[in-house]
Amino acid sequence: MSPRPRLPSGTPQRRAATTPRTPREPLIRLLSAAPLRITGAFVLAFALACAAPGCGGAPPLALTPKPLRLTHDGFFVHDAAVIDPDRDGDMDVVALTQEQIYYMEHIEGGWLAATAGTGLAGLPTGQRLHPVMAEGLDFLIERDGVVSRLVYSGIGSWTEAEEPGYGGGPEVSMTVAADFNGDGQDDAATAEGRRVRIVLTQPDGPPFEATSLVGADGLMLPAAARRLIATDLEGDGDTDLLVVGGRIFVLINNGGVSPTATQ
Ligand SMILES: [Ca+2]
Ligand SMILES: [Ca+2]
Ligand SMILES: [Ca+2]
C-alpha cells in the first residue's frame, strides 16, 4: 500500500476512530468546574431542552449545497455510491469519472481522496455504480451496458469478479423518500435536470414545496442529475443528500426544524 501523503496545513484532519461524538462534552466539562457547580444543573437542563426540535432558538431547516471535490474540478463524474466500510457512521464515497474510479474518505469537515490501496484505480472505470446492499460492500459496475461485480476484500480493497459480465443494470430512481426535518414523516427529494427539489410532508396539510426555503435551490449541477442518495453523510443524526450530475454535490442538513413550523 502506498504511504498516504502528508496533509498540508489547513487541510481537514481525520477524526480518530475512537474519538466519541459528544457535542455537549465541553459544556459538561464546564459544569464540573468548582465555581459553577451550583448553577450547573440549571444550565444543563436548559441546554438539553433547547436541543429538542421546536425550541425557540432552533434554526430553521437548511440544506447547504457543497461540491465534493475529487483531486480537481476538471473531472466529469458519471456516478457515485456511498459506503461505510469502517462502520463508524460517516459515509465514504466511491466515484466514477471518465478517467478512473476514486475512493473519497470522509474526514472531519469533508472528504479526502484515499484511492491508494483500494485497488480501484487499477480497474477500468464505467458509467454506473450500484452498491449490492444485501451482500456486504460489493458493487455492480456498468461499462457500456455490461455489468460486472467489484468484490470487497474485507480489508479496504476491491477486485473484479472473474465471472463474465451481463447486460442491463438496476434502475436508478431520481426520487428518494427520507425524513429531512426530523418529524418522523418521510419527505421527498427529487432530482429534476440540474436541480434538486425538496417537498416536506405536513401532518395536517398538503405536501409543502420547500426547495427555496431550505436553501436547496442554491445547487446547480453542471449536467443533468444521474444519481440521488439520501443518507446521513457525516453521522450527526440528520439526513443529508448526495447528488451526481457531472460533479458530486452534497446537501448538508443543519438538523433544524421545518420552516413551516417557524413561520
Ligand atoms: Ca465511515
Ligand atoms: Ca419529515
Ligand atoms: Ca447528517
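Note that the structure is a prediction, hence the values are computed from the model and not measured.

### What about the sheet that holds strand β17 (residues 247-253)?
Right, on to step 1. One open sheet holds the four strands; their spatial order is β1-β17-β16-β15, and the pairing between them is antiparallel. Strands at the two margins of the open sheet, each flanked by one partner only, are β1 (63-68) and β15 (227-231). If you compare each strand with its neighbour and ignore which way they point, the axes differ by 20° on average.
Right, on to step 2. As paired elements, β1 and β17 share six bridges and run antiparallel to each other.

### Describing the nonpolar core
Right, on to step 1. If you look at the biggest cluster of nonpolar residues, it comprises 50 residues, and the most contacted ones within it are Ala 80, Val 93, Val 94, Ala 95 and Leu 241.
Right, on to step 2. Every residue in contact with Ala 80, bar those within four places of it in the chain, is listed here: Val 93, Val 94, Ala 95, Leu 129, Arg 227, Leu 242, Val 244 and Ile 248.

### Notes on unusual backbone geometry
Right, on to step 1. In this structure, Arg 87 is a non-glycine residue whose phi angle is positive, near 50°.
Right, on to step 2. As for its position among the elements, Arg 87 is in the loop between β2 (77-83) and β3 (92-97).
Right, on to step 3. Even without being a glycine, Asp 144 presents a positive backbone phi close to 50°.
Right, on to step 4. Here Asp 144 shows up in the loop between β7 (139-143) and β8 (146-152).

### A few points about the sheet that holds strand β5 (residues 110-113)
Right, on to step 1. Pairing within the open sheet is antiparallel, and its four strands lie in the order β2-β3-β4-β5. Every other strand in the sheet has two partners, leaving β2 and β5 as the edge strands with one partner each. Here the strands of the sheet are splayed against their neighbours by 30° on average, with no regard to which way each runs.
Right, on to step 2. Here β3 pairs with strand β4 (residues 101-107) via four bridges, running antiparallel. Bridge pairing in β4 places Val 94 opposite Tyr 103.

### Observations regarding the pairing of β7
Right, on to step 1. Within β7, four of the five residues are buried, leaving the element largely enclosed by the surrounding structure.
Right, on to step 2. In this structure, strand β6 (residues 128-131) lies alongside β7, joined through four bridges in antiparallel fashion. Directly across from Pro 131, in β7, lies its bridge partner Phe 139.
Right, on to step 3. Where β7 lies against β8, five bridges are found, and the strand directions are antiparallel. Its bridge partner being in β8, Leu 140 is matched across the sheet by Arg 149.
Right, on to step 4. The turn joining β7 and β8, which pair antiparallel and follow one another in sequence, is formed by two residues; a positive phi near 50° is taken by Asp 144.

### Some remarks on the environment of Val 82
Right, on to step 1. Secondary-structure assignment places Val 82 in strand β2.
Right, on to step 2. Look past the residues within four positions of Val 82 in its chain and what remains in contact with it is Met 91, Val 93, Ile 229, Thr 231 and Leu 242.

### Overview of the confidence of the model for the protein
Right, on to step 1. With 76% of its residues at a pLDDT of at least 70, the protein reaches an overall mean of 82.
Right, on to step 2. Contacts of residues 1-12 to residues separated by more than four positions or lying in other chains number ten contacts, the stretch itself having pLDDT below 50.

### Looking at the environment of Gly 215
Right, on to step 1. Mapped onto the secondary structure, Gly 215 falls in the loop between β14 (208-209) and β15.
Right, on to step 2. Each C-alpha atom of the pair Gly 215 and Pro 65 lies 7.8 Å from the other, and the pair is 150 residues apart in sequence.

### Regarding the environment of Glu 234
Right, on to step 1. Looking at where Glu 234 falls in the secondary structure, it is placed in the loop between β15 and β16 (240-245).
Right, on to step 2. Taking the C-alpha atoms as reference, Glu 234 lies 7.6 Å from His 106; in sequence the two are 128 residues apart.
Right, on to step 3. Glu 234 has contacts with Asp 90 and His 106, leaving out every residue within four places of it along the chain.

Cut-offs and rules
- Residues numbered from 1 in each chain as written.
- Chains lettered and ligands numbered in written order.
- Predicted model: local features only at pLDDT ≥ 70, side-chain atom pairs only at ≥ 80, totals over all residues.
- Pairing = 2+ DSSP bridges.
- Helix = DSSP H or I, 4+ residues; strand = E, 2+ residues; numbered from the N terminus.
- Axes fitted to C-alpha atoms, helices over the stretch in contact; angles between N-to-C directions.
- Core = buried A, V, L, I, M, F, W, Y, C linked by C-beta atoms within 7 Å.
- Buried ≥ 20, exposed ≤ 12 C-beta atoms within 10 Å, placed from the backbone.
- Contact = placed C-beta atoms within 7 Å.
- pLDDT = per-residue confidence, 0-100.

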